[in-house]
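Examining the three-dimensional arrangement
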Amino acid sequence: MHLSLMELLLIFVGGVLILGIQFYLSTRKNRFMGLLFPIVSLGYSIYMFLKSDFFSDMTFSMKAYMFIAQNIPALVLLVIYFICRWNMKKRREKGAV
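Below you will find a few notes about this structure. (Residues numbered from 1 in each chain as written. Predicted model: local features only at pLDDT ≥ 70, side-chain atom pairs only at ≥ 80, totals over all residues. Heavy atoms only, no water.)

1. Focus on the overall build of the protein
Across its full length, the protein carries four helices and zero strands. The secondary structure elements of the protein, listed N-terminal to C-terminal, are α-α-α-α. The C-alpha radius of gyration of the protein comes to 18 Å, more than 25% above the 13 Å expected for a compact globule of 97 residues. Over its C-alpha atoms, taken along the principal directions, the protein stretches across nearly 60 × 35 × 20 Å. Here the protein, with 97 residues, has 19% of them falling under the buried criterion. Sequence separation of at least 24 residues holds for 59% of the intrachain contacts in the protein that already meet a minimum separation of 6. Here the protein displays about 7,900 Å² of accessible surface, and carbon together with sulfur accounts for 76% of that area. Treating the 11 positive side-chain charges of the protein as one cloud and the 4 negative ones as another, the clouds have centres 22 Å apart. (Helix = DSSP H or I, 4+ residues; strand = E, 2+ residues; numbered from the N terminus. Rg over C-alpha atoms; globule rule 2.2 N^0.38 Å. Buried < 20%, exposed > 50% of the residue type's maximum accessible area, 1.4 Å probe, protein only. Contact = heavy atoms within 4.5 Å. Areas by Shrake-Rupley, 256 points an atom, 1.4 Å probe, with all protein chains shown as cover. Lys, Arg positive; Asp, Glu negative; His and termini not counted. Charge placed at Lys NZ, Arg CZ, Asp CG, Glu CD.)

Have a look at this one:
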């Protein structure tokens with residue numbers, strides 16, 4: 001299955017939009033809002049991992065690779081979250097001094 005240029009553009013714009021929203025939510029006062037996308041991404045990967053048990057032709061190593069690959073977006077979103085929170089903490093400490 002080949003993706004058309006329009007589909008690739010839509011995926012790219014969607015990814016940039018999600019990253020932008022993640023930056024915005026990670027810099028809010030409520031620290032749990034920034035964890036929304038990483039939790040959804042992790043939940044989806046766990047769901048897909050459990051769903052893969054129904055396919056008997058998949059080996060455990062294939063399932064493990066699938067789980068690791070599906071958690072890469074969650075890790076990227078968590079890195080963004082912790083970098084934003086760390087920058088906010090530094091600015092708060094700098095303002096207090």
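2. Side note on the packing of aromatic side chains
Any aromatic ring pair is given by two values, namely how distant the centres are and how the planes are angled relative to each other. Across all of its chains, the model carries two aromatic pairs by this definition. Geometrically, the ring pair formed by Tyr81 and Phe82 is edge-to-face, given 5.1 Å between the ring centres and 70 degrees between the ring planes. Phe82 sits in the exposed class, given a relative accessible area of 53%. (Phe/Tyr/Trp six-rings, centres within 6.5 Å; stacked < 30°, edge-to-face > 60°.)

3. Some details on helix 1 (residues 5-26)
Structurally, the α-helix is built with 3.6 residues per turn, so residues lying three or four positions apart point the same way. Compared with an ideal rise of 1.5 Å per residue, which puts 22 residues at 32 Å, helix 1 spans 31 Å between its outermost C-alpha atoms and is within 8% of the ideal. Buried residues of helix 1: Gln22, Leu25 and Ser26, and no others. On an axial view of helix 1, the arc spanned by its buried residues comes to 95 degrees, and they lie on one face. Those residues of helix 1 that are exposed and angled more than 90 degrees off the buried face are Leu5, Met6, Leu10, Phe12 and Leu17. (Expected span 1.5 Å × (residues − 1). Arc of directions from axis to C-beta.)

4. Let's talk about a positive patch on the surface
Among the surface-exposed residues, Arg31, Lys89, Lys90 and Arg92 lie close enough to one another that they form a single positively charged patch. Along the polypeptide, Lys90 turns up in helix 4 (residues 72-96). (Patch = residues over 30% accessible without salt bridge, like charges linked within 9 Å, V, L, I, M, F, W, Y side chains within 5 Å. Salt bridge = Lys/Arg side-chain N within 4 Å of Asp/Glu carboxyl O.)

5. Some remarks on the side chain of Arg85
With respect to the element layout, Arg85 can be found in helix 4. Buried and unpaired, Arg85 has no salt bridge, with Glu93 as the nearest side chain of opposite charge at 12 Å. Here the side chain of Arg85 touches Ser26 through a polar contact of 3.3 Å, landing on its backbone oxygen. Here Arg28 takes part through its backbone oxygen, which lies 2.7 Å from a polar atom of the side chain of Arg85. Contact partners of Arg85, with chain neighbours within four places excluded, come to Ser26, Arg28, Lys29 and Arg31. (Polar contact = N/O pair within 3.5 Å; in protein donor to acceptor, adjacent residues only side chain to side chain.)

6. Structural notes on the environment of Tyr47
Following the sequence through the fold, Tyr47 ends up in helix 2 (residues 36-51). In the structure, Tyr47 is positioned 20 residues away from Phe67 in sequence and 9.8 Å away in space, judged by C-alpha atoms.

7. Some words on the environment of Ile80
Of note, Ile80 is situated in helix 4. Remark: the alpha-carbon pair of Ile80 and Gly34, spanning 46 residues in sequence, is separated by 9.0 Å.

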